[in-house]
Amino acid sequence: MNRQHWRLLTRSGFFALFLFAPLLDLFRFDLTAGHFVILGQDWVFGDGAFIGSPAQAAAKIALNVFLPILGFITVAGVLIWKFGRLYCGWLCPHFSIVEIINQTMLKHLNRVTLWEKANQKTHGILPWLLVATLAVSLAFIWAVSLLTYLMPPIPLLIDLVHFELGFGSTCFILAATTVFSIDFLFARHLFCKYGCALGIFQSLIWMGNSKGLVVSFDKSRADLCKDCDRECDKACPMRLPPRSIKRAKFTCTQCAQCLSACDRVQKDNPDGAVIRWVTGDEAKQVDRNAKR
């Protein structure tokens, strides 16, 4: 299995987790009850939530809340420092939508974004309707999924199937579907680059580590790129220049699409691809070599 096969598995698994976590009571906030539900347990804070002395209550909060959160942040921070936006490229449900719509648009509209020039003319309205239908359908699924994180999921889905949703739930789904449709059709790359606080946070941590995982370009073999029609640039879902310096790849999601594209182009070359992942001292040379 190559990198993209592994990514398909991790993305599909996490997308399924995103959809089914509320249904399985793994994680959600129940607005009707006013508390979190985590791993099947009601997390209630208030009178009677902690039995015992103030010291015992403080110890329970530290052990059950602060320590798990601190541990998660520490592990996540180390991984981001070393590997960058792995969550975005290998897990994030939104980025999965980005790639699905990218591939669909490329297949039916001959371009990845609406503002890019198509490599050939699209005939008829059917391809446009197909892309729009896909985007709106995915937006609707996202809207319903997000609402299940806030409302009891089983009754909500039953009401949805029987067209008996309440006024508030209906307004939420309509508004969220509209917003996500606009995002998926027009601004999905821009959101990942500039609108996602989690993504930007990961990029800032990663940029602080000069030895972190990064795509490196072998300039000594640059002549091989003359026979390639910028396949690595075209493959990048974020529309970044893979052969450039690290700062130009600030929002790189480590999805390895550019690496896979170069592997395909250079498949018959015994020396392999022109770009590759590097870490450590090799990663520090990425910006230095670009300045020469």
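Whatever comes next refers back to the structure up there.
Criteria and cut-off values
- Starting afresh in each chain, residues are numbered from 1 along the sequence in its written order.
- Thresholds applied to this predicted model are a pLDDT of at least 70 for local features of residues and 80 or more for the giving and counting of side-chain atom pairs; totals over whole chains, interfaces and linings are not thresholded and use all residues.
- Processing note: side-chain calculations cover all non-hydrogen atoms of the structure and skip hydrogens and water entirely.
- Helix numbers and strand numbers start at the N terminus; a helix is a DSSP run of H or I with at least 4 residues, a strand a run of E with at least 2.
- Accessible area is worked out with a 1.4 Å probe on protein chains only. A residue is then buried under 20% of its type maximum, exposed over 50%, and partly exposed in between.
- Here a residue-residue contact requires only that any non-hydrogen atoms of the pair lie within 4.5 Å.
- Areas reported as accessible are Shrake-Rupley estimates using a 1.4 Å probe. Residue values count occlusion only from the protein chains shown.
- We score Asp and Glu as negative and Lys and Arg as positive, and we do not count His or the chain ends.
- Note on charges: their place is set at NZ of Lys, CZ of Arg, CG of Asp or CD of Glu.
- Here, patches come from residues exposed beyond 30% relative accessible area and free of salt bridges, joined within 9 Å for like charges and within 5 Å for nonpolar side chains (Val, Leu, Ile, Met, Phe, Trp, Tyr).
- When a carboxyl oxygen of Asp or Glu is within 4 Å of a side-chain nitrogen of Lys or Arg, the pair counts as a salt bridge.
- Note: two strands are recorded as paired if DSSP finds a minimum of 2 bridges between them.
- Axes here refer to lines fitted to C-alpha atoms; in helices the fit is confined to the stretch in contact. Angles between the N-to-C directions go from 0 to 180 degrees.
- An angle below 35 degrees is treated as roughly parallel, one above 145 as roughly antiparallel, one from 65 to 115 as roughly perpendicular, and anything else as oblique.
- A pair of aromatic rings is counted whenever rings of Phe, Tyr or Trp (Trp by its six-membered ring) have centres within 6.5 Å, and the orientation is called stacked for planes under 30 degrees apart, edge-to-face for over 60 and tilted otherwise.
- Should the NZ of a Lys or the CZ of an Arg lie within 6 Å of a ring centre and within 35 degrees of the ring normal, that charge is described as sitting over the ring.

## Some details on the overall build of the protein chain
What the protein chain contains, in helices and strands, is 11 helices and 5 strands. For the protein chain, the C-alpha atoms occupy an extent of roughly 70 × 55 × 30 Å along the three principal directions. Across the 292 residues in the protein chain, those meeting the buried criterion constitute 37%. Of the contacts formed within the protein chain by residues at least 6 apart in sequence, a portion of 69% connects residues at least 24 apart. When the accessible surface of the protein chain is summed, it comes to about 16,800 Å², and 67% of that surface belongs to carbon and sulfur atoms. Treating the 31 positive side-chain charges of the protein chain as one cloud and the 21 negative ones as another, the clouds have centres 8 Å apart.

## Overview of a nonpolar patch on the surface
Taken together, the side chains of Leu17, Phe20, Leu24, Leu26, Phe27, Phe36 and Leu39 define a hydrophobic patch exposed on the protein surface, amounting to about 670 Å² of accessible area. Looking at Leu39, the relative accessible area reads 65%, which means it is exposed.

## Some words on the sheet that holds strand S3 (residues 41-43)
Sheet strands pair by backbone hydrogen bonding; their relative direction is either parallel or antiparallel. Pairing is antiparallel across the open sheet formed by 3 strands, whose spatial order is S1-S2-S3. If you trace the sheet from one side to the other, it starts and ends with strand S1 (27-30) and S3, each paired once. Taken pair by pair, the neighbouring strands of this sheet meet at an average axis angle of 25°, ignoring direction. Sheet topology places strand S2 (residues 35-38) next to S3; 3 bridges connect them, and they run antiparallel. Among the inter-strand pairings, Val37 is bridged to a residue of S3, identified as Asp42.

## With respect to the pairing of strand S4 (residues 214-217)
By the alternation rule, side chains of S4 split into Val214 and Ser216 and Val215 and Phe217, which are all buried. Pairing of S4 with strand S5 (residues 275-278), which is carried by 4 bridges, proceeds in the antiparallel orientation. Bridge pairing links Phe217 to Ile275 in S5.

## With respect to the packing of helix H4 (residues 93-109) against helix H5 (residues 126-148)
Packing of H4 against H5 brings their axes to within 9 Å, and their N-to-C directions diverge by 170°. In terms of orientation, H4 and H5 fall into the roughly antiparallel class. Of the residues in H5, those touching H4 at Pro93, His94, Ile97, Ile100, Ile101, Thr104, Met105, His108 and Leu109 are Pro127, Trp128, Leu130, Val131, Leu134, Ala135, Leu138 and Trp142.

## A short note on the packing of helix H1 (residues 3-20) against helix H10 (residues 257-265)
Interhelical geometry of H1 versus H10 gives an angle of 150° and a closest axis separation of 10 Å. For the pair H1 and H10, contact is made by Arg3, Gln4 and Arg7 and by Gln257, Leu259, Ser260 and Asp263, respectively.

## Here's the deal with the packing of aromatic side chains
For the structure on display, the rule yields 9 aromatic pairs. Here Phe15 and Phe18 contribute two aromatic rings whose centre-to-centre distance is 6.0 Å and whose plane-to-plane angle is 55°, an arrangement assigned as tilted. Placement of both Phe15 and Phe18 in helix H1 is noted, with a separation of 3 residues, approximately one turn of the helix. Members of the aromatic cluster, each reached through a chain of ring pairs, are Phe15, Phe18, Trp142, Tyr149, Phe180 and Phe184. Positioned above the aromatic ring of Trp277 is the side chain of Arg3, whose terminal nitrogen or guanidinium carbon lies 5.6 Å from the ring centre. In this arrangement the basic side chain of Lys246 is found over the ring face of Trp206, its NZ or CZ atom lying 4.5 Å from the centre.

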